[in-house]
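What follows is each chain in one-letter form.
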Amino acid sequence: TRHAHPFETAVFVISGLARAYFGLTDEEWVDVGEGDFLYIPADLPHSTANIGDTPVRYVLARAAPEDIVIPTEKEDMIPARYWTSSRSTEAMRILA
C-alpha cells in the first residue's frame, strides 16, 4: 500500500530482492538487494514489493518518536523531493 511518513527513513537490505516505488502514482522505482542502502525523505509517497524468491530481510531506521503511517491521496500529498539508492546511477532524482 502506498503511504508516506512525516519523517525520513533509512533502509539497509540484509538479504532478498525488493522493488521500492516512489511518487503519487509509483512513477519511479528502484530495485534493491543484499547490501543496498535506501534513503526515503519525509513526505515521499512510497511502497515496496518483494520481487525475489526469498523473504526480504532489512534493518530500518526512522527519525521519528513513534511509527506514523499516512495513506496517500494525490490531493493531500506534497510532491516528492528526492530518493537515493546505492545501486542508482544517479545520487539524486527529482520527482515532479
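Refer to the structure presented above.
Let me sum up the structure you'll find in this document.

Rules used in this analysis
Residues numbered from 1 in each chain as written. Predicted model: local features only at pLDDT ≥ 70, side-chain atom pairs only at ≥ 80, totals over all residues. Heavy atoms only, no water. Core = buried A, V, L, I, M, F, W, Y, C linked by side-chain atoms within 4.5 Å. Buried < 20%, exposed > 50% of the residue type's maximum accessible area, 1.4 Å probe, protein only. Helix = DSSP H or I, 4+ residues; strand = E, 2+ residues; numbered from the N terminus. Contact = heavy atoms within 4.5 Å. Polar contact = N/O pair within 3.5 Å; in protein donor to acceptor, adjacent residues only side chain to side chain.

Generally speaking, nonpolar side chains in soluble globular proteins are found buried as a group. Listed in full, the 10 residues of the largest apolar core are V11, V13, A18, A20, F22, V30, V32, L38, I40 and L44. Of all the elements in the fold, those that place two or more residues in this core are strand 2 (9-15), strand 3 (17-22), strand 4 (28-33) and strand 5 (37-40). It is strand 3 that provides the largest number of residues to this core, a total of three residues. Apart from the residues within four sequence positions on either side, I40 is in contact with F7, E8, T9, F22 and H46.

Here we take up the environment of H5. Mapped onto the fold, H5 is located in the loop between strand 1 (3-4) and strand 2. A C-alpha to C-alpha distance of 8.6 Å links H5 and P41, two positions 36 residues apart in sequence. Engagement of the side chain of H5 in a polar contact is seen with the side chain of H46, the distance being 3.4 Å.

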